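Reading the structure
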Amino acid sequence: MSEENEELENLGENVEEQSTETITRVTGMYKEWFLDYASYVILERAVPAIEDGFKPVQRRIMQSMKDLDDGRYNKVANIVGHAMQYHPHGDASIGDAMVQIGQKDLLIDMQGNWGNILTGDPAAASRYIEARISKFGLEVLFNPKITEWQSSYDGRRKEPINLPVKFPLLLAQGAEGIAVGLSTKVLPHNFNELIDASIKHLQGKRFKIYPDFPTGGEADISNYNDGLRGGKVRVRAKMHSPEKNSIVITEIPFSTTTSSLIDSILKANEKGKIKIKKIEDNTAANVEIMIHLPAGLSPDKTMDALFAFTNCEMSISPLSCVIEDNKPLFVGVSEMLRRSADHTVELLKAELEIVLHEVEEQWHFASLERIFIENRIYRDIEEEETWEGVLSAIDRGLKPHIGHLKREITEDDIARLTEIRIKRISKFDIDKAQQKIDALEDRIAELRHHLEHLIDFAIDYFAKLKKDYGKGRERKTELKTFDDIIASKVIIRNTKLYVNREEGFVGTALKKDEYVGDVSDIDDIICFTKEGTMVVTKVDAKTFIGKNIVHVAVFKKKDKRTIYNVIYKDGKTGPSYIKRFAVTSITRDREYPMGKADKGSVMQYFSANPNGEAEVVTVNLRQQGSIKKIKWDIDFSEILIKGRSSKGNLVTKYNIKKVDLKEEGVSTLKPRKIWFDDTVQRLNVDERGELLGEFRGEDRLLIVTQKGMIKTIIPEVTARFDDDTVIIEKWIPSKPLTAIYFNGERDLYYVKRFLMENEEREESFIPDHADSYLEVVSTDYKPMAELVFHKPRGKEQPDNEEINLEEFIAVKGIAAQGNMLTKAKVKQINLLEPLPFTPEEVIQEDVVEEKITTPKSDVADSDVSIDPNAPDPETDDSGQSILF
């Protein structure tokens, strides 16, 4: 064994010596090689240049297309093969990059199946599809005379360092790339808006540019941050509900496809976040995703749930990073556009200077040619025998006539004159030659004027681009301000909650016990026990709360309208108290006692009231000692609503036998105030926008649209409204509506007054004719209208006519046609200020103002006792009660 151990030790020493010999320090390699690799990826692959907006592969593709351009389509496979002469990578990367450029529909004129950005379908193989440079691309991308060139990777060809792009191409197309330790994400912008912004910049005006996505949809750009790091753009699908049981998605968010969108909807349905019956993808040229809903499910609430739990709403974080002077540059899109516009001015100046030089050269030679032929200088060379003699003879002959030329004559100029053919000399027309020179002089004057007024020339250039190529490139993405959707308010509650009151368990797995209601997996539940404790906890399969549970419900944070009415005994020997309170915020899974005692408290009466109802109860005492009155009534409406930690008012110091419900109560809260925020087109209770009024449980909203549709709805914060909604107000059933509409069948204006007859149904109140439309609609009691007539030919302008619409027509049914307004040709109809009207006063019961306070002293609060001889108040409505 000792020999074996010795051999093992020797082997270990040898291994250690060998490993020591092969250790290589990588610090230097990491600093040099990794930095070289990162620089290569950043500069040569992932990030576009600020000068032309192209990544290297894109620039090489466009240059290859220019090399092959003959006006006809080329196979993409041929273009890819040609581009490989410039690009040191395989054909797959070139083909993919070319398809991405083509799908942006700006620089490439495509033929064949180039894929679909809406569905995510890939393009056909490169051998089956064809391409050529678009007219726009030819106009703004190329000019070899002002292009800087460099050797290609193998030194065999010359490729452009940057293309002379005279347009903010990077902002129009957008760019995305991930490099080593660096990334970029420039969002696409609208073609026409970029041109308008460029013009404004050149005019010295301020401008703003915002993203516009090829997939359409809606975007909230309030946190765009000019495209810099830290900004965020929220994008949403555009959808509507044509019927009560269906939703149609017509536009999708940028960075998604119909396939990925449908997958996210199905996944949310499987997890129980939303509830759908069926989904159909009818997308072709335009997006159409049909979502069928189960009966009785609110489309408005489902649309909010789609935004909250699926890819129907996405968040995009822009990061504007470009390459300038071989270095990454983080710059906002506004500065990017300024640099692009200024660069365009420089390129236009360079082009004008080149053209001016060329035209001046043409003028110079045309002038020399005229002098040479008109003065018959060509005869002076007949006797010359040498080339030098010919040049000298021509030079001597020209000198007396060249005083008006703009530069000296060179030997090349003289040599060029010798190349003029005899046939041209014999047919030379002095007048035509002078006309040509005059035209060239006009052209020179024009070019010099453009150079002197370069900014105006650049503005005209941009305006021409918009005129020639801007049609059909209107904004596709609608800019809106989104409301924040609270997930707990829109999630579908499709899990059943059960309770075992005696044992004290609550959960979704207790299927043999008492059913409480439907919940979702993100809900909190609030529980009260007979021992006077309260706890709020997360929905789970099985949770122990405490024995003798008296109340379980879904907990709504910041809910001031659910009021709990309680009578409890504080401790084993303590007195009984009464209190009313709301629970607006708590610490989850913490037990809160009803009173101040540590042990022995008992809940003697409890009710949960969703609208602050206040009932009347009868208190029964146990017969003991010299108690004179053992039974009396208490009206909860006489108890102020205070904080959860309030001790309450003293009921009695004696033992209570039981508390009976005598009369159910009415709400003691004020009607709920509801506002309409026009910015996000949503209702709210947070005092944002226009106050619509105070609403009780039975009150409804009146909705009228420009299409002539009318309906009433229960005012819920999840309600959605069409863009053409013209009236949103509290519905008063006895208040008539007045509408003036154009009857397309009779080609005349009609007026009608009617009441909303069916509050549960949406109805049309104008004829179903293609040419019929709603002109004006009013909910005033006594509306006034002004008619402006067309001026008859050869006659004076008729006076405007004012009409009292209340006197003009009586209130009839919603289906009535109404009365003809006038036979005269109407130019315009205006609603005027209505006549004064005082509706009959409606006497309503007084309500107690909602008041939730936390008392400064529980002792002072508890000193107030309940008068056992208090009269019984009139009561109404209902609330949940549990008696002991």
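All residue numbers refer to position in the chain's written sequence, counted from 1. Reporting in this predicted model follows two pLDDT cut-offs: at least 70 for local features of residues, and 80 or more for side-chain atom pairs to be given and counted; totals over whole chains, interfaces and linings ignore these cut-offs and use all residues. Computation of side-chain values: all heavy atoms of the structure, hydrogens and water removed.

1. Comments concerning the overall build of the chain
- To qualify as a helix, a DSSP run of H or I must reach at least 4 residues; to qualify as a strand, a run of E must reach at least 2; elements of each kind are numbered from the N terminus. Within the chain one finds 19 helices and 49 strands.
- Expressed as lengths along the three principal axes of its C-alpha atoms, the size of the chain is roughly 155 × 130 × 50 Å.
- Burial status follows relative accessibility: with a 1.4 Å probe on protein chains alone, a residue under 20% of its type maximum counts as buried, one over 50% as exposed, and anything between as partly exposed. Looking at the chain residue by residue over its 884 residues, the buried ones come to 45%.
- Looking at the chain alone, contacts between residues at least 24 apart form 68% of all its contacts between residues at least 6 apart.
- Only the protein chains shown count as covering a residue, and every accessible area follows the Shrake-Rupley method with a 1.4 Å probe. Surface summary for the chain: the accessible area is close to 47,900 Å², and the carbon and sulfur share equals 47%.
- Considering the chain, the positive charge centre built from 124 side chains and the negative charge centre built from 151 side chains are found 4 Å apart. Only heavy atoms enter the contact rule, under which two residues are in contact if any of them lie within 4.5 Å. In summary, the charge assignment counts Lys and Arg as positive and Asp and Glu as negative, without counting His or the chain termini. Every charge is mapped onto a representative atom, which is NZ of Lys, CZ of Arg, CG of Asp or CD of Glu.

2. Some points on helix 12 (residues 387-398)
- Helix length check: helix 12 (twelve residues) gives 17 Å between terminal C-alpha atoms against 16 Å at 1.5 Å per residue, within 8%.
- When helix 12 is considered as a whole, its buried residues turn out to be Gly389, Val390, Leu391, Ala393, Ile394, Gly397 and Leu398. In this scheme, a helix's expected span is set at 1.5 Å multiplied by one less than its residue total.

3. Re the nonpolar core
- In terms of nonpolar packing, the biggest core is built from 94 residues, with Met62, Leu107 and Phe167 touching the most fellow members.
- With 16 residues, the single largest contributor to this core is helix 11 (residues 333-374).
- Remark: nonpolar core denotes a set of buried residues (Ala, Val, Leu, Ile, Met, Phe, Trp, Tyr, Cys) joined through side-chain atoms within 4.5 Å. Core analysis: the second largest hydrophobic core is formed by 23 residues, Leu118, Leu261, Phe307 and Val490 among them.

4. What about the packing of helix 8 (residues 191-202) against helix 11?
- Comment: axis = line fitted to C-alpha atoms, over the contacting stretch for helices; angle = value between 0 and 180 degrees taken between N-to-C directions. Where helix 8 meets helix 11, the axes come as close as 9 Å, and the angle between the chain directions of the two elements is 75 degrees. Put simply, helix 8 runs roughly perpendicular to helix 11. On helix 11, the residues that touch Leu194, Ala197, Ser198, His201 and Leu202 of helix 8 are Leu337, Arg338, Ala341, Asp342 and Val345.
- Per-class residue counts for the contact of helix 8 with helix 11 are six nonpolar, two polar and two charged. Each angle is binned into one of four classes, with values under 35 degrees roughly parallel, values over 145 roughly antiparallel, values of 65 to 115 roughly perpendicular, and all other values oblique. Each residue gets one label: Ala, Val, Leu, Ile, Met, Phe, Trp, Tyr, Cys and Pro are nonpolar, Asp, Glu, Lys and Arg are charged, and the others, such as Gly, are polar.

5. As for the side chain of glutamate 313
- Position of glutamate 313 relative to the elements: it lies in strand 14 (residues 313-316).
- Pairing of N or O atoms within 3.5 Å defines a polar contact, subject to two protein rules: one partner must be a possible hydrogen donor and the other a possible acceptor, and residues neighboring in sequence count only if both atoms are side-chain atoms. Looking at glutamate 313, its side chain comes within polar contact range of the side chain of arginine 236, at 2.7 Å.

6. Some details on unusual backbone geometry
- One non-glycine residue, aspartate 226, lies in the positive phi region at around 60 degrees.
- Counting through the fold element by element, aspartate 226 comes out in the loop between strand 8 (218-223) and strand 9 (232-236).
- The class for aspartate 226 is partly exposed, based on a relative accessible area of 26%.
- Phi at lysine 558 is positive, roughly 60 degrees, even though this residue is not glycine.
- Along the chain, the position of lysine 558 falls in the loop between strand 24 (549-554) and strand 25 (563-569).

7. Observations concerning the sheet that holds strand 24
- In this scheme, strands are said to pair when DSSP sees at least two bridges between them. The sheet built from four strands is open, its strands ordered 24-21-22-27 with antiparallel pairing. One side of each edge strand has no neighbouring strand; the edge strands of this open sheet are strand 24 and strand 27 (592-593).
- Two elements, strand 21 (residues 524-529) and strand 24, share five bridges in a ladder whose sense is antiparallel. By the bridge assignment for strand 24, cysteine 527 is matched with valine 552.

8. Quick look at the pattern of salt bridges
- Each salt bridge in this description consists of a side-chain nitrogen of Lys or Arg and a carboxyl oxygen of Asp or Glu lying within 4 Å of one another. Going through the model one piece at a time under the given rule, you end up with 41 salt bridges.
- Between lysine 185 and glutamate 176 there is a salt bridge, with its nearest N and O atoms 3.0 Å apart.
- In this structure lysine 185 comes out as buried when scored by relative accessible area, which is 19%.
- On the basis of relative accessible area, glutamate 176 is assigned to the exposed category, the value being 52%.
- Through salt bridges with shared partners, one network takes in Glu324, Glu335, Arg338 and Arg339.

9. Things to note about the confidence of the model for the chain
- Known as pLDDT, the predictor's per-residue confidence is scaled from 0 to 100. This prediction gives the chain a mean pLDDT of 86; 92% of its residues lie at or above 70.
- Of the regions scoring below 50 in pLDDT, residues 1-8 engages in zero contacts with residues more than four places distant in sequence or in other chains.
- Confidence drops under pLDDT 50 across residues 15-19; counting only partners more than four residues distant or on other chains, this segment forms zero contacts.

10. A short note on the sheet that holds strand 48 (residues 826-832)
- Spatially, three strands are ordered 45-44-48 in an open sheet, and the strand pairing comes out antiparallel. Each edge of the open sheet carries a strand with a single partner, namely strand 45 (801-804) and strand 48. Taking the axes of each pair of neighbouring strands and ignoring which way they run, one obtains an average angle of 25 degrees across the sheet.
- Of the strand pairs in this sheet, strand 44 (residues 784-789) and strand 48 are connected by six bridges, and their pairing is antiparallel. Paired with leucine 787 across the two strands is isoleucine 829, which belongs to strand 48.

11. Details of the pairing of strand 18 (residues 495-500)
- Two strands pair when backbone bridges link them, and strand 18 and strand 20 (residues 514-519) are joined in this way by five bridges, in the antiparallel orientation. Note on strand 20: the bridge partner recorded for valine 499 is glutamate 514.
- Pairing of strand 18 with strand 19 (residues 505-507), which is carried by three bridges, proceeds in the antiparallel orientation. Looking at the pairing, valine 499 lines up with valine 506 of strand 19.
- The antiparallel hairpin formed by strand 18 and strand 19 contains four residues in its connecting segment, where glycine 504 sits at a positive phi of about 90 degrees.

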